[in-house]
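What the coordinates show
Below, each chain spelled out in residue letters.
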Amino acid sequence: MKVDFHCHTTASDGSLSPVEIIDLALKHEVTTLAITDHDTTAGYEQALAYATKNGVQLITGVEASCDWNGHTIHIVGLDFDIENPVLQSGLSTIRELRTQRANSMIEKLSDKPHIKIGNLEDKLWELVGEGVVGRGHFSQLLQQEGLVKNGQQAFDRYLKKGKVGHVGCQWPELAKVVSWITQANGIAVIAHPTIYKFTSNKLNKLINDFKEAGGQAIEVVNQPRHCADINGMAQRAVKNELFASMGSDFHRPEHSWRGLGWLAPMPQTVTPVWELFREPLQQA
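Residues numbered from 1 in each chain as written. Predicted model: local features only at pLDDT ≥ 70, side-chain atom pairs only at ≥ 80, totals over all residues. Heavy atoms only, no water.

1. Some remarks on the sheet that holds strand S4 (residues 61–68)
Pairing between the strands of a sheet is mediated by backbone hydrogen bonds and can be parallel or antiparallel. The condition that has to hold: Strand pairing is assigned whenever DSSP identifies at least 2 bridges connecting the two strands. Strands are runs of DSSP state E lasting at least 2 residues, helices are runs of H or I lasting at least 4, and numbering of each runs from the N terminus. To define axes, lines are fitted to C-alpha atoms, for helices over the stretch in contact only, and angles between the resulting N-to-C directions are given on a 0 to 180 degree scale.
As summarised here, the arrangement of the five strands in space is S4-S5-S6-S7-S8, forming an open sheet in which the pairing is mixed. Two strands in the sheet have a free side with no partner beyond their single neighbour: S4 and strand S8 (243–246). Sheet twist, expressed as the mean angle between neighbouring strand axes with direction ignored, is 40 degrees. The pairing of strand S6 (residues 187–190) with strand S7 (residues 217–221) spans two bridges and is parallel. Bridge pairing in S7 places valine 189 opposite alanine 217.

2. Thoughts on the pattern of salt bridges
The cut-off we apply is this: By definition here, a salt bridge exists when the distance from a side-chain nitrogen of Lys or Arg to a carboxyl oxygen of Asp or Glu is within 4 Å. Relative accessibility under 20% of the residue-type maximum defines a buried residue, over 50% an exposed one, and the middle range a partly exposed one, all with a 1.4 Å probe and only protein chains included.
Inspection of the entire model under this criterion finds seven salt bridges. Across the pair aspartate 39 and arginine 98 runs a salt bridge whose closest N-O atoms are separated by 2.5 Å. With a gap of 59 residues between them, aspartate 39 in the loop between strand S2 (32–34) and helix H2 (42–53) and arginine 98 in helix H3 (residues 85–110) connect regions that are remote in the sequence. Neither aspartate 39 nor arginine 98 differs from the other in exposure class; each is buried. Counted as one network, the salt bridges with shared partners bring together Asp79, Asp81 and Arg278.

3. Description of the side chain of aspartate 13
Spelled out, the test is: This count recognises Lys and Arg as positive and Asp and Glu as negative, with His and chain-terminal groups excluded. As used in this structure description, the phrase polar contact means that two N or O atoms lie within 3.5 Å; if the pair is within protein, one of them must be able to donate a hydrogen and the other to accept it, and residues adjacent in sequence are counted only when both atoms belong to side chains. Note on definitions: a residue-residue contact is assigned when non-hydrogen atoms from the two residues lie within 4.5 Å.
Locating aspartate 13 in the fold gives a position in the loop between strand S1 (3–4) and helix H1 (18–27). Buried and unpaired, aspartate 13 has arginine 98 as its nearest opposite-charge partner, separated by 6.5 Å. There is a polar contact of 3.5 Å between the side chain of aspartate 13 and the side chain of histidine 38. Residues within four places of aspartate 13 in sequence aside, it is in contact with His8, His38, His137, Gln140, His251 and Arg252.

4. Overview of the packing of aromatic side chains
The cut-off we apply is this: Each Phe, Tyr or Trp ring, with Trp reduced to its six-membered ring, pairs with another whose centre is within 6.5 Å; inter-plane angles below 30 degrees give stacked pairs, above 60 give edge-to-face pairs, and intermediate values give tilted ones.
Applying the stated criterion across every chain, the model contains four aromatic pairs. Ring centres 5.3 Å apart and planes at 85 degrees place the aromatic pair phenylalanine 5 and phenylalanine 277 in the edge-to-face group. In this pair, phenylalanine 5 sits in the loop between S1 and H1 while phenylalanine 277 sits in the segment after S8, placing the two residues 272 residues apart along the sequence. Judged by its relative accessible area of 0%, phenylalanine 5 is buried.

And the structure:
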């Protein structure tokens, strides 16, 4: 059995189509997968028939943006009813916020004479295609235009808070996003908890508020090798009686440090999130 409950396709800011992500899952012998595109379930919908045909168990998934005390937090939803109107309406609202932010970012970047990108707006939307726009698309465009060498430079020079291309966004509150997922009979998971760089006390407060809102799990494993971060999150999962999830947050093959299904084993001290799934995991 090999699983990955956090990855992205061209339905949001990944570089592989939903069908191509299933091909990659087959190549890497991933038996159960959740496509968790940003604020949309389109990737799951486009991949389901192909996954079923090829023996990959596909779990409904999404990665939703929310606000917690002024911080953008990502919540992964797993194994929910995909046609639930409350969840789908909420995700539609977030997608509209993303489009509004992107248009504001286009205006800001276009107003700066030293940022020489001809037809910036057209190029951006061509890059996005039918996906959900995100800052990652701006990062890709800046790289393609030769203004930066990599994604880190794009954020450091242009896109992060305080830089010329940064535009804030008032996402829905964490409790609301968690409620959308749980109302759809799904499992809410705190995604990549170490990425927020919170102090221990602040992370504990986030977990408490998340639990009070009905959240049930935390991403414990998101790295290929066992490390202190995994130990720390496993301890928090046990202490807070949360289930433990695992996912690579895969976006594109050139990110060689983040392969689909390339994950350390789940610690034996935790209760894995798949024990909450309505269908048992598919065995290899």
